[in-house]
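# Structural overview
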Amino acid sequence: MSISFPEQGWFKAPSAGERLWIGLAIAWCIVLTLAMPYWHFKGKQNSTGEAYRVTPAEFYQRAQKFIEAYKVGEDRYTAIVQPPPGTDVYLTARMWRWDPVLKLKKDQTYRLHVGSMDLNHGFSLQPVNMNFQVVPGYDHVLTLTPTRAGEYSIVCNEFCGVGHHTMAGKIIVEE
Ligand code: CUA
């Protein structure tokens, strides 16, 4: 056996400098551990946890109805949709696009329904970096209140095939 007992008296109490660093590391662990539940209740970027079972075909129909009702234009073959403030809005994910482009009003709350037509995609809103899974078979509801006007990109952050890196969408927020 290659393992032998250490010599008697091998343990030396940590020096003052070592104790300080151990203390700092433990204190930081406690801060980060508390930050998780704190941010869950106080943060404004959490999922509502609301999701309903829906077939991709059903979700697609709802999204199409929504697009037809509020379409205001087109951006490179993708419909631009401006729904009334405070309503239900739909966003479909599929290989490899987000549909439609949403035009929202600042400081209005929307119920954003996100659904996948095929496989698992990742909804990543940039540059605010809010990230949610989009699992097929579910209508994921996110409560969204844009607080700043501007153009936001939606990128897919779940690998979904050869076109994954091209899967980008847009949300426009107006004053
Ligand atoms: Cu969709 Cu990656």
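So, how was this worked out
- Residues numbered from 1 in each chain as written.
- Predicted model: local features only at pLDDT ≥ 70, side-chain atom pairs only at ≥ 80, totals over all residues.
- Heavy atoms only, no water.
- Pairing = 2+ DSSP bridges.
- Helix = DSSP H or I, 4+ residues; strand = E, 2+ residues; numbered from the N terminus.
- Axes fitted to C-alpha atoms, helices over the stretch in contact; angles between N-to-C directions.
- Domains from an automatic or database assignment.
- Expected span 1.5 Å × (residues − 1).
- Bend = angle between axes of the 7 residues up to and from the residue.

## Focus on the sheet that holds strand S7 (residues 110-116)
If you walk across this open sheet you meet the five strands as S1-S10-S7-S4-S5, and the pairing is mixed. Of all the strands in the sheet, just strand S1 (50-53) and strand S5 (97-99) have a single pairing partner and so form its edges. Geometrically, the sheet is characterised by an average inter-axis angle of 25° between neighbouring strands, direction not taken into account. Relative to strand S10 (residues 138-144), S7 is paired through five bridges, and the arrangement is antiparallel.

## Let's talk about the domain arrangement of the protein
For the protein, the assigned domains are domain 1 (11-46) and domain 2 (50-174). A C-alpha centroid distance of 37 Å is found between domain 1 and domain 2.

## Digging into helix H1 (residues 16-42)
Along an α-helix, residues three or four apart share an orientation, since each turn contains 3.6 residues. In a regular helix each residue adds 1.5 Å, so 27 residues correspond to 39 Å; H1 covers 38 Å between its end C-alpha atoms and thus fits that length. At Met36, H1 shows its maximal bend, which comes to roughly 25°, and the proline Pro37 appears one to four places after that position.

## Quick word on the sheet that holds strand S9 (residues 130-134)
Where strands meet in a sheet, backbone hydrogen bonds hold them as pairs that are either parallel or antiparallel. Within the open sheet, the seven strands sit side by side as S2-S3-S6-S12-S11-S8-S9. Their pairing is mixed. Looking at strand neighbours, the two that pair on one side only are strand S2 (71-75) and S9, the edges of this open sheet. Mean inter-strand twist for the sheet, computed between neighbouring axes without regard to direction, equals 25°. Sheet topology note: the strand S11 (residues 150-156)/strand S12 (residues 168-174) ladder contains six bridges and is antiparallel. Across the sheet, residue Glu151 finds its bridge partner in S12, namely Ile172.

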